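# Remarks on the overall topology
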Amino acid sequence: MPLDDLEPSREHPRVPGPSLWPVGFAVGVVALLVGIVVNWGISVAGAAIALTFGFLWVRELARARGLAKAEEVEPERRDGRGPARRPAAPRTYGRSAFLELSTLGLGGVIGGLVSLPPLAFMVLPAFLKQKQGEHDIGPLTDFPENEFVVATFMTQPSQGEVSRRTAFVRNNGTMDDQQSFTIISNHCAHLGCPVQPTTIVPNKHIQYHDVTLIPLPSPPSGFSCPCHGGGYDSEGNRIVGPPVRALDRYAFSIRNGHLYIGAPFSVSHVVGTGATARIYKYTLSFPGEHVSGIESWLYPIQPPH
Amino acid sequence: MYPVDWLEERSGIVGAVRYFLYRKVPSDTNWFQTLGSATLTAFLVQAITGVVLAMYYKPDPKEAYPSIVNITNDVFAGWLVRGMHRWGASVFIILMFLHMGRVFLFGAYKYPRELNWIIGVLLLTLGLAEGFTGYLLPWDQTSYWATTVGININGSAPFLGPFLAQFLQGGTYINADTLSRFYAIHMLVIPAAIFALIGLHLYLVIRLGVTSPPWSKHPAGSGPVEPQPAPPRTGLTRPAPRGGTVRG
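It should be emphasised that the depicted structure is a prediction, and the values quoted were computed from it without experimental measurement.

## Focus: the overall build of chain B
The number of helices and strands found in chain B is nine helices and zero strands. For chain B, the N- to C-terminal ordering of α and β elements is α-α-α-α-α-α-α-α-α. Radius of gyration (C-alpha) of chain B: 24 Å, far over the 18 Å computed for a compact globule of 248 residues. With the principal axes as the frame, chain B shows a C-alpha extent of 75 × 45 × 30 Å. When the 248 residues of chain B are sorted by exposure, 25% land in the buried category. Summarising the internal contacts of chain B: among those between residues at least 6 apart in sequence, 71% fall at separations of at least 24.

## Some remarks on the overall build of chain A
A count of helical and extended segments in chain A gives three helices and 13 strands. Long-range pairs, those at least 24 residues apart, make up 48% of the contacts in chain A between residues at least 6 apart in sequence.

## Looking at the sheet that holds strand 10 (residues 238–240) of chain A
All names here are of chain A. In spatial order, the strands read 5-8-9-10; together these four strands make up an open sheet with antiparallel pairing. Bordering the open sheet on either side are strand 5 (196–197) and strand 10, each of which pairs with just one other strand. Relative to strand 9 (residues 231–233), strand 8 (residues 222–224) runs antiparallel, the two sharing three bridges. Bridge pairing in strand 9 links Ser-224 to Gly-231.

## Remarks on the interface of chain A and chain B
Taken together, the contacts link 21 residues of chain A with 23 residues of chain B. Each residue belonging to the side of chain A that touches chain B can be placed in one class, and the counts come to 11 nonpolar, nine polar and one charged.

## Here's the deal with the nonpolar core
By size, the foremost hydrophobic cluster in this structure holds 31 residues, and its most contacted members are Ala-151, Ala-167, Val-169, Ile-183, Leu-247 and Ile-261 of chain A. Of all elements in the fold, only strand 2 (148–154), strand 3 (164–175), strand 4 (178–185), strand 11 (249–255) and strand 12 (258–271) of chain A reach the threshold of two or more residues within this core. Ranked by residues supplied to this core, first place goes to strand 2 of chain A with five residues. Sequence-distant contacts of Ile-183 of chain A, that is, excluding residues within four places in its chain, are made with Ala-167, Val-169, Arg-249, Tyr-250, Phe-252 and Ile-261 of chain A. The next biggest cluster of nonpolar side chains, apart from the first, holds 10 residues, and it includes Tyr-57, Ile-68, Ile-71 and Trp-139 of chain B.

## Some details on unusual backbone geometry
Of note, the amide linkage connecting Tyr-111 of chain B to Pro-112 of chain B takes the cis form, showing an omega dihedral of -5°. Looking at the secondary structure, you find Pro-112 of chain B in the loop between helix 5 (78–105) and helix 6 (114–135). Positive phi outside glycine occurs at Asn-146 of chain A, with the angle close to 55°. Overall, Asn-146 of chain A belongs to the exposed group, with 11 C-beta atoms counted inside 10 Å.

## Details of the domain arrangement of chain A
One can read the domain layout of chain A as domain 1 (14–71 + 94–126) and domain 2 (135–298). Just the C-alpha atoms count here: the centres of domain 1 of chain A and domain 2 of chain A sit 49 Å apart.

## Quick look at the pairing of strand 4 of chain A
Residues and elements named next belong to chain A. Where strand 3 meets strand 4, seven bridges bridge the pair, whose relative direction is antiparallel. Bridge pairing in strand 4 places Ala-167 opposite Ser-185. Following strand 3, the chain reverses through two residues before pairing antiparallel with strand 4; Asp-176 in that reversal takes a positive phi of roughly 55°.

## Brief notes about the packing of helix 7 (residues 141–155) of chain B against helix 8 (residues 161–169) of chain B
Residues and elements named next belong to chain B. For the pair helix 7 and helix 8, interaxial distance at closest approach is 7 Å and the crossing angle is 150°. With respect to helix 8, the axis of helix 7 lies roughly antiparallel. Contacts between helix 7 and helix 8 pair Ile-151, Asn-152, Asn-154 and Gly-155 from the former with Gly-161, Pro-162, Leu-164, Ala-165, Leu-168 and Gln-169 from the latter. A class-by-class count of the residues in the contact of helix 7 with helix 8 yields five nonpolar, five polar and no charged.

## Thoughts on the environment of Thr-34 of chain B
In this structure, Thr-34 of chain B sits in the loop between helix 2 (13–21) and helix 3 (35–54). Distance from Thr-34 of chain B to His-99 of chain B, taken between C-alpha atoms, is 8.5 Å for residues 65 residues apart in sequence.

## A few points about helix 3 (residues 95–123) of chain A
Residues and elements named next belong to chain A. Between its first and last C-alpha atoms helix 3 spans 41 Å; for 29 residues at 1.5 Å apiece the expected length is 42 Å, and the two agree. Maximum bend of helix 3: about 35°, positioned at Leu-116, with proline Pro-117 one to four residues after it. The buried fraction of helix 3 is low, at zero of 29 residues.

## A short note on helix 6 of chain B
All names here are of chain B. Its 22 residues give helix 6 an end-to-end C-alpha distance of 32 Å, which sits within 8% of 32 Å, the value for a rise of 1.5 Å per residue. Gly-120, Leu-123, Gly-127, Glu-130, Thr-133 and Gly-134 are the residues of helix 6 that are buried. Projected onto a plane normal to the axis of helix 6, the buried residues spread over an arc of 145° and lie on a single side. Away from the buried face of helix 6 by more than 90 degrees, exposed residues Glu-114, Ile-118, Val-121 and Thr-125 are located.

## Some remarks on the packing of helix 5 of chain B against helix 6 of chain B
Relative orientation and spacing of two packed helices are given, respectively, by the angle between their axes and the distance between those axes. Residue and element names in this part refer to chain B. Contact geometry of helix 5 with helix 6 gives a least axis separation of 11 Å together with a crossing angle of 160°. With respect to each other, helix 5 and helix 6 are oriented roughly antiparallel. When the axes of helix 5 and helix 6 are compared, the crossing they make is left-handed. Contact residues: Ala-89, Phe-92, Ile-93, Met-96, Met-100 and Val-103 in helix 5; Trp-117, Gly-120, Leu-124, Gly-127, Leu-128, Gly-131 and Gly-134 in helix 6. When its residues are assigned to classes, the contact of helix 5 with helix 6 shows nine nonpolar, four polar and no charged.

## Describing the environment of Met-96 of chain B
Residues and elements named next belong to chain B. Note on placement: Met-96 falls in helix 5. On the neighbour-count criterion, Met-96 (21 C-beta atoms within 10 Å) is buried. Excluding residues within four positions of it along the chain, Met-96 makes contact with Thr-39, Leu-124 and Gly-127.

About the cut-offs
Residues numbered from 1 in each chain as written. Chains lettered and ligands numbered in written order. Predicted model: local features only at pLDDT ≥ 70, side-chain atom pairs only at ≥ 80, totals over all residues. Helix = DSSP H or I, 4+ residues; strand = E, 2+ residues; numbered from the N terminus. Rg over C-alpha atoms; globule rule 2.2 N^0.38 Å. Buried ≥ 20, exposed ≤ 12 C-beta atoms within 10 Å, placed from the backbone. Contact = placed C-beta atoms within 7 Å. Pairing = 2+ DSSP bridges. Nonpolar A, V, L, I, M, F, W, Y, C, P; charged D, E, K, R; others polar. Core = buried A, V, L, I, M, F, W, Y, C linked by C-beta atoms within 7 Å. Domains from an automatic or database assignment. Axes fitted to C-alpha atoms, helices over the stretch in contact; angles between N-to-C directions. Parallel < 35°, antiparallel > 145°, perpendicular 65-115°, else oblique. Expected span 1.5 Å × (residues − 1). Bend = angle between axes of the 7 residues up to and from the residue. Arc of directions from axis to C-beta. Left-handed = near helix turned anticlockwise from the far one by under 90°.

In structure tokens:
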């Protein structure tokens, strides 16, 4: 690429001439963005292309600017005493500039070091020690087969009632000698409002330590959310409304004849019902986040739950 | 005796106040241009009632709601102060939007006032965040679920949304840390930021001057500038001696 192509023209002295480097840069940026959706390798190649062409573009711009600047020449005076042409002095930094830079720089470094532990204290604890243990919600006899029981339990009794969660528990009976339970969380997958079963919830409940169990006399046809009208079927699949996926579920285990609720996980949809249902399981996500389909690419990394 | 002279000699405050009170504003300044001062007043009311409420509010999950009941029912004029704070919050937000609309429709965001507009937008965002964090503090059902929904709205933003939501909540769900976090943000972080930005906002208004309404017949820079008349005598400070200032 000949350099005089880049010299500014007379009509537009400040605009650099045409160049192909920006086109290469644009191609690189497009490849970077397309690769996010299609394939990470294309992104990496695109980033490399964008960086290379971007560097070349900036270099040409810097060179062209330098060419456009004419040297200032003082005109010679009548008495012959022209301006003394001093040779260009080498670039030096005075003491004041050094002191200024080092004061600000050192102050910045010290400020950064001092503020780093408090920042970590502010940000990190929300992401550490988030693993939930298991909670005993009662003997298996409290969960009649094929009936829903609304169970509320505290995930951290030391914190009190704020840690109380609700789950809809259905005993599916045994299949292949294994007890099967469907345990659905009541957090709506739209924005987290508490979801209600579509049946009358009686007032009387069974108390088991901190856990409250309310057996539902008639099985609900599904669940519906009072906030924005989201509707789910009895397996938690979204039927209608703004929710973006099915209701979350809890893992469970059975020890010494007692049912233990474990960690929650997110579900995109469920095929089938009861003990033979196929649950499409994903890491626990916040309400409103898609876990499957193309929109799930918007949420590539989940914070530790 | 001239009572304010003691202060004036030691600080120069009278000069500063006179500069603020007698600065030039256009002759056709409109009543709509008082909305900014109204917003400032609403914020000051919120600040003062907030400080008073903080003397009786207990930011603990078990004590928060009972302390609010105590303020509302038992503390003298507690119902009044809590009501002022609760309704004042809505008044503050509404006045901010009206002020913002006035500035927009008057074109008072154009050069050289662009920085002032940006500061105003930051103030709006901080005001809304202040309302959001304050809503959780009564710790009743409305607070809990409204905050859950608000945080999950944040969480549905792409890429960093889940991290922001978990950071705000202090965990996977609202817990005791969430209350402490929101209390600290509502009491310390955002009020300090709002006070600082209001100071900057007012400084820029005084420095850059007030604009005429858009229907004005006297656009900026169109007429001669009259010499500033002497400020009226208030009796608070000694009159300046004629024939030059000479200290005895």
